[in-house]
Amino acid sequence: TIPSPIEKFAKRFESLPLEEIVAKLKQTLDGIERFVNSPEIEESKVIINTTMKSIQQLTTNLGGQLAPLVSNANDVAVSAKKLISRVDTQVQPISDDLRAAVTSLRELAKHTDQNMAPILLSAQDMLEENSPLRYKLLKMTEDLSAAAWSLRNLADSLERHPEAVVRGKK
């Protein structure tokens with residue numbers, strides 16, 4: 001027998017590496033989740049917020065306390081150096097995770113493109129003008145139309161001669 005277009009389509013769909021696609025998608029989502037929920041990001045927010053509050057308080061007291069300002073500037077510089085070094089150490093792993101996630105997404109898109117082309121071709125083959133599926137659908141429509149015509153004739157005949165149900169046709 002010759003496989004139908006639907007059987008060809010089903011075989012092509014079965015040959016897709018769905019487990020590999022799902023695994024790569026999961027890796028990508030895990031990387032994004034690690035990035036979003038990393039404790040380093042939360043710690044950076046707290047450190048930045050604390051530093052901003054310190055700077056704001058410092059500028060408020062600046063008017064009458066110029067001498068203490070100079071000594072506090074050293075403390076702020078030390079804190080800023082610590083903050084920058086912490087941020088630098090935290091940005092690199094996050095950047096690596098983002099690169100890996102982007103690479104995984106690119107690979108996933110590439111595999112999806114490669115695997116969808118045969119499916120689209122199968123669907124196009126099924127819908128072509130001379131395809132067996134289209135022929136069968138047209139034939140089925142014609143058969144349904146003939147059956148509806150026969151039912152109409154039967155209904156008209158029974159309406160004119162309802163006794164035909166009991167006695168039969170004369």
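Here is a short report on the structure shown in this document.

Thresholds, definitions, all that
- Residues numbered from 1 in each chain as written.
- Predicted model: local features only at pLDDT ≥ 70, side-chain atom pairs only at ≥ 80, totals over all residues.
- Heavy atoms only, no water.
- Helix = DSSP H or I, 4+ residues; strand = E, 2+ residues; numbered from the N terminus.
- Rg over C-alpha atoms; globule rule 2.2 N^0.38 Å.
- Buried < 20%, exposed > 50% of the residue type's maximum accessible area, 1.4 Å probe, protein only.
- Contact = heavy atoms within 4.5 Å.
- Areas by Shrake-Rupley, 256 points an atom, 1.4 Å probe, with all protein chains shown as cover.
- Patch = residues over 30% accessible without salt bridge, like charges linked within 9 Å, V, L, I, M, F, W, Y side chains within 5 Å.
- Salt bridge = Lys/Arg side-chain N within 4 Å of Asp/Glu carboxyl O.

**A closer look at the overall build of the protein**
Link 1 in the chain: Counting secondary structure elements, the protein contains six helices and zero strands.
Link 2 in the chain: Across the protein, helices and strands are ordered from the amino to the carboxyl terminus as α-α-α-α-α-α.
Link 3 in the chain: Expected size for 170 residues packed as a compact globule is a radius of gyration near 15 Å; at 37 Å, the protein overshoots this value by more than 25%.
Link 4 in the chain: When the backbone C-alpha atoms are referred to their principal axes, the protein occupies close to 125 × 45 × 25 Å.
Link 5 in the chain: Counting across all 170 residues of the protein, residues that qualify as buried make up 14%.
Link 6 in the chain: A separation threshold of at least 6 residues defines the contact pool for the protein, and within that pool the share at least 24 residues apart is 76%.
Link 7 in the chain: Total accessible area computed for the protein in this model is approximately 13800 Å², and 62% of it derives from carbon and sulfur atoms.

**Quick look at a nonpolar patch on the surface**
Link 1 in the chain: Taken together, the side chains of L151, L154, L158, V165 and V166 make up a nonpolar region of the molecular surface, amounting to roughly 510 Å² of accessible area.
Link 2 in the chain: Mapped by element, the contributors of at least two residues to the nonpolar patch are helix 5 (132–160) and helix 6 (164–167).
Link 3 in the chain: When residues of the nonpolar patch are assigned to their parent elements, the largest contribution, three residues, is made by helix 5.
Link 4 in the chain: Checked against the element boundaries, L158 lands in helix 5.

**Remarks on the pattern of salt bridges**
Link 1 in the chain: Per the stated rule, a full pass over the model turns up four salt bridges.
Link 2 in the chain: In this structure, K24 and E107 form a salt bridge, with 3.3 Å as the shortest nitrogen-oxygen distance. You can see K24 sitting in helix 2 (residues 18–36) and its partner E107 sitting in helix 4 (residues 66–127), a full 83 residues away along the chain.
Link 3 in the chain: By relative accessible area, K24 is classed as buried at 17%.
Link 4 in the chain: Each of E20, K24 and E107 takes part in one network of salt bridges that share partners.

**With respect to the environment of L121**
Link 1 in the chain: With respect to the helices and strands, L121 occurs in helix 4.
Link 2 in the chain: Judged by its relative accessible area of 47%, L121 is partly exposed.

**Here we look at the side chain of S104**
Link 1 in the chain: In this fold, S104 is placed in helix 4.
Link 2 in the chain: When residues no more than four places from it in sequence are discounted, the contact partners of S104 are K24, Q27 and T28.

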